[in-house]
Amino acid sequence: MVTVVGVRFKRAGKVYYFDPDEHQVEKGQAAIVETARGIEYGDVVIGPKQVPDDEIVPPLKKVIRVATEEDTSAHLDNKKRAEEALEICQEKVGKHELDMKLIDVEYTFDNNKVIFYFTADGRVDFRELVKDLASVFRTRIELRQIGVRDEAKMLNGIGPCGVGLCCANWLGDFAPVSIKMAKDQNLSLNPTKISGICGRLMCCLRYEHENYVQIRKELPRKNDRIMTPEGKAVVIDPVILKESVKVRLIVNEEKNELGEDILIFHKDEIQPVHKCDKKGNCEKHKQKPAQDDVEYKESELVAEAAPSKEELKEIDAMLKDDKRRGIAEGSKDRKGKPERKPQGNRPRNPRNRKPRDVKGENNGENTGEGKIENKNDNRGDKKYDKRPPRPKHKRPDRPKQEKPKQEGPKQDGPKQEKPQGNKES
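Residues numbered from 1 in each chain as written. Predicted model: local features only at pLDDT ≥ 70, side-chain atom pairs only at ≥ 80, totals over all residues. Heavy atoms only, no water.

### Some thoughts on the sheet that holds strand 6 (residues 101–107)
So the rule is basically this: In this analysis, strands are considered paired if DSSP registers two or more bridges between them. Strands here are runs of E lasting at least two residues and helices are runs of H or I lasting at least four, both read from the DSSP assignment and numbered beginning at the N terminus. Helix axes are fitted only over the stretch in contact, all axes being lines through C-alpha atoms; the angle between N-to-C directions runs from 0 to 180 degrees. By the convention used here, residues are in contact when the closest approach between their heavy atoms is within 4.5 Å.
On the basis of which strands lie adjacent, the open sheet formed by three strands has the order 6-7-8 and mixed pairing. In this open sheet, the two strands that pair with only one neighbour each are strand 6 and strand 8 (140–145). For this sheet the average axis-to-axis angle between neighbouring strands, irrespective of direction, equals 20°. With six bridges connecting them, strand 6 and strand 7 (residues 113–119) associate as antiparallel partners. Of the residues in strand 7, the one forming a bridge with Y107 is V114. Docked against the sheet, helix 1 (residues 69–96) engages strand 6 and strand 7, running at close to 150° with respect to strand 6.

### So, the nonpolar core
How we decide: Put simply, a nonpolar core is a bunch of buried Ala, Val, Leu, Ile, Met, Phe, Trp, Tyr and Cys residues held in one set by side-chain atoms that sit within 4.5 Å of each other. For every residue, the accessible area obtained with a 1.4 Å probe (protein chains only) is divided by the maximum for its type, and the residue is called buried under 20%, exposed over 50%, and partly exposed between those limits.
Within the largest apolar cluster, 18 residues are counted, with the highest numbers of intra-cluster contacts made by M100, F116, L129, L133, F137, I141 and L143. For this core, the elements supplying multiple residues, two or more each, are helix 1, strand 6, strand 7, helix 2 (127–137) and strand 8. Here this core takes four residues from helix 1, the largest share from any one element. With residues up to four places along the chain from it excluded, the contact list for F137 reads A85, I88, Y107 and F116. Counting 11 residues, the second-largest nonpolar core is a separate cluster that includes Y212, A233, V235 and V245.

### Remarks on the packing of aromatic side chains
What counts is decided by this rule: Each aromatic pair joins two rings of Phe, Tyr and Trp (for Trp, the six-membered one) with centres within 6.5 Å, and gets the label stacked for planes under 30 degrees apart, edge-to-face for over 60, and tilted for any other angle.
As enumerated under the stated definition, the model contains six aromatic pairs in all. On the numbers, 6.1 Å between centres and 50° between planes, the contact of F116 with F137 is tilted. Within this pair, whereas F116 is found in strand 7, its partner F137 is found in helix 2, the two being separated by 21 residues in sequence. Geometrically, the ring pair formed by F118 and F126 is edge-to-face, given 5.9 Å between the ring centres and 75° between the ring planes. The class of F118 is buried, set by a relative accessible area of 1%. Given a relative accessible area of 25%, F126 falls into the partly exposed group. Members of the aromatic cluster, each reached through a chain of ring pairs, are F9, Y16 and F18.

### Details of unusual backbone geometry
Following P58, the chain continues to P59 via a peptide bond in cis, the omega torsion being 0°. Its location among the elements puts P59 in the loop between strand 4 (38–51) and strand 5 (63–66). Backbone geometry places N223, a non-glycine residue, at a positive phi of 75°. Along the polypeptide, N223 turns up in the loop between helix 7 (209–218) and strand 9 (225–228). On the basis of relative accessibility, which here comes to 53%, the residue N223 falls in the exposed class. The phi angle at N256 is positive, at roughly 55°, despite the residue not being glycine. Relative to the assigned elements, N256 resides in the loop between strand 11 (244–252) and strand 12 (257–258).

### Focus on the pairing of strand 3 (residues 30–35)
With respect to burial, strand 3 is a largely interior element, five of its six residues being buried. Inspection of the sheet shows strand 3 paired to strand 4 by six bridges, in the antiparallel sense. Paired with T35 across the strands is G38, a residue of strand 4. Between the end of strand 3 and the start of strand 4, which pair antiparallel, lie two residues. When strand 3 meets strand 5, the two strands line up antiparallel, connected through three bridges. The residue bridging V33 from the neighbouring strand is V63, located in strand 5.

### Considering a nonpolar patch on the surface
Where we set the bar: Residues qualify for a patch when their relative accessible area is over 30% and they have no salt bridge, like charges being joined within 9 Å and the nonpolar side chains of Val, Leu, Ile, Met, Phe, Trp and Tyr within 5 Å. Areas reported as accessible are Shrake-Rupley estimates using a 1.4 Å probe. Residue values count occlusion only from the protein chains shown. A pair is scored as a salt bridge if a Lys or Arg side-chain nitrogen falls within 4 Å of a carboxyl oxygen belonging to Asp or Glu.
On the surface, a nonpolar cluster with roughly 230 Å² of combined accessible area is contributed by L312, I315 and L319. Look at L319 and you get partly exposed, because its relative accessible area is 31%.

### Some points on the side chain of T35
Rules: For this analysis, a polar contact is any N or O atom pair within 3.5 Å, provided that within protein one partner can donate a hydrogen and the other can accept it, and provided that sequence-adjacent residues contribute only side-chain to side-chain pairs.
Counting through the fold element by element, T35 comes out in strand 3. A polar atom in the side chain of T35 sits 2.7 Å from the backbone oxygen of G38. Ignoring sequence-local partners within four residues, the contact set of T35 consists of F9, F18 and E40.

### What to know about the pairing of strand 10 (residues 231–239)
Two faces make up the sheet, and in a regular strand the side chains alternate between them. Note: strand 9 against strand 10, four bridges, orientation antiparallel. What sits directly across from T228, in strand 10, is G231. Here strand 9 hands over to strand 10 after two residues, the two strands then running antiparallel side by side. Sheet topology note: the strand 10/strand 11 ladder contains six bridges and is antiparallel.

This is how it looks when you write it as structure tokens:
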């Protein structure tokens with residue numbers, strides 16, 4: 001557990017945790033803290049408390065000091081300078097004819113950086129704009145592109161409900177909103193009715209979505225049959241806000257004729273009707289299992305009498321018959337598959353074995369007659385004779401014939417015949 005304080009830099013911005021160190025920081029005070037952008041001025045909205053280590057994003061920055069009157073006056077001066085910088089930047093944007101909309105300007109507390117927020121449909125080449133702004137303000141310039149939801153949060157306004165925007169007044173962070181949330185609440189899917197001034201789906205669609213899902217699980221679905229105080233009926237439409245359903249009574253069940261009147265009943269006044277098939281099988285009218293199929297607990301078992309000798313003989317005869325037919329023991333199928341023999345440790349055909357070298361055999365002894373006895377032979381009780389290695393027959397060497405040597409230089413003349421060996425007459 002770590003002791004932290006929560007600091008917010010804007011009215012409805014995100015809350016960040018900081019280490020109070022040895023400073024006595026309380027809720028409602030202002031503090032000077034160190035952030036990734038530099039030194040910032042923020043309001044303490046959460047007092048000192050213990051937080052588990054999993055909820056902290058390292059590294060945890062420390063609070064420099066509690067804000068004084070001089071720090072507060074410097075913060076107000078930065079806001080006035082930001083308004084002037086906004087006008088200057090708008091003139092520069094028009095001069096360079098850039099397709100971008102300037103939204104807000106912000107000074108850091110130590111005046112080391114000026115941040116300009118803007119929106120645009122695509123990427124904007126503002127390199128020349130940054131050079132002009134740097135020559136005017138003589139400090140670091142940062143241009144940051146934001147989305148339409150952040151734009152509405154910075155500018156504020158009035159929503160379709162007639163109240164100020166949630167994101168600009170109290171909503172700290174944006175949560176994802178989908179069209180499925182509007183379907184679950186039976187709202188009109190007209191984009192103009194479920195979208196805010198930013199053009200996106202309204203954030204308030206998410207507030208009550210979990211309650212709608214929970215109530216919908218407790219109510220019957222459309223076209224389900226239920227039992228009402230006035231008889232069986234069919235659900236026409238569930239009413240989630242009132243936790244009730246609209247139904248039409250069943251006049252003739254065989255012909256599925258329904259009444260014309262639509263009635264409304266609360267969920268506590270209705271009961272589901274189970275659909276039974278022709279045999280009467282359903283969850284409500286489920287047949288009880290036979291006495292032999294009931295599974296008893298160990299404490300409910302009753303000791304049975306030992307079987308007689310005749311019964312044991314009959315059981316043995318049945319088991320032998322099952323084994324002969326290849327039926328597994330205890331199975332009800334009389335046409336079972338025969339048992340497979342284990343593949344491991346089964347002897348091979350000695351004719352298919354390759355001959356081994358007697359001298360290289362581990363833990364083997366040569367008996368002198370081509371028979372090898374292996375001490376670590378675990379293939380069974382039978383021992384097989386191995387054929388002795390076949391001798392390597394070499395062809396006899398042929399006598400090499402010496403070629404006659406030629407002495408002296410070659411002379412032109414008739415070709416000489418090659419000497420031939422003596423032939424036996």
